[in-house]
Each structure stands twice: as C-alpha cells, then as structure tokens.
Amino acid sequence: MDNDSQCKMILFYLKEYGKITAQDALKLCGCMRLAARIHDLRQKGIPIKTETREYKNSAGNKVRYAIYSLEVSNA
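Residues numbered from 1 in each chain as written. Predicted model: local features only at pLDDT ≥ 70, side-chain atom pairs only at ≥ 80, totals over all residues. Heavy atoms only, no water.

(A) Geometry of the state of the cysteines. This model, assessed by the stated rule, comprises zero disulfides. Just so you know, Cys 7 is unpaired, no disulfide at all, and the nearest cysteine sulfur is the one on Cys 31, 7.9 Å from it. Taking the relative accessible area as the measure of exposure, Cys 7 reaches 4% and is therefore buried. Free cysteine: Cys 31, not disulfide-bonded; nearest cysteine sulfur from Cys 29 at 5.0 Å. (Disulfide = S-S within 2.5 Å. Buried < 20%, exposed > 50% of the residue type's maximum accessible area, 1.4 Å probe, protein only.)

Next up, the structure:
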C-alpha cells in the first residue's frame, strides 16, 4: 500500500474514531511509520494534535507512545 493510500485510511480512521495509535495504524493498513504519515497529513494542512502517554512494559521499562487526533476548531 502506498503512502497516499495509507494517509487516506488514517484520515478516515481519525474522522470516524477520533484518535489513532501506531498499533491501530498497523492493524488498519499495515502502516509501520504512523508518525511519517501524520507528518504527510500535516503537510497537506490537516490539523492533528499529538498526546504522549507513558506506561511500563512487561520488563518494567518506561515506554512512551503517541495518540494522534484531529484538532477541533472553536470557530
């Protein structure tokens, strides 16, 4: 699947479900570089915000991941 097709699927997912993680993107369209596709969407003028969360994995190490969502305009 090419980058443009992945971007379209990711944008649809964001509109439909409100947020997406790398794990969601991998399941949805086999996208292993969600941050790169988010960058592509931002370059096209799509306002996307990033929230970073942290948890401890099974080995007890701190792991960070991003949750992306569309920015809501108050206009």
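(B) Spatial organisation of the pairing of strand β2 (residues 62–70). Strand direction decides the pairing type here: strand β1 (residues 48–56) and β2, joined by nine bridges, are antiparallel. Residue pairing in the sheet places Ile 48 in a bridge with Leu 70 of β2. The turn linking β1 back onto β2 is made up of five residues, and Gly 60 within it adopts a positive phi angle of 85 degrees. (Pairing = 2+ DSSP bridges. Helix = DSSP H or I, 4+ residues; strand = E, 2+ residues; numbered from the N terminus.)

(C) Representation of the packing of aromatic side chains. Scanning all chains against the criterion turns up two aromatic pairs. Ring centres of Tyr 13 and Tyr 17 lie 4.6 Å apart, and the angle between their planes is 40 degrees; this geometry places the pair in the tilted category. With Tyr 13 and Tyr 17 both in helix α1 (residues 3–17) and four residues apart, the pair spans about one turn of that helix. The class for Tyr 13 is buried, based on a relative accessible area of 17%. (Phe/Tyr/Trp six-rings, centres within 6.5 Å; stacked < 30°, edge-to-face > 60°.)

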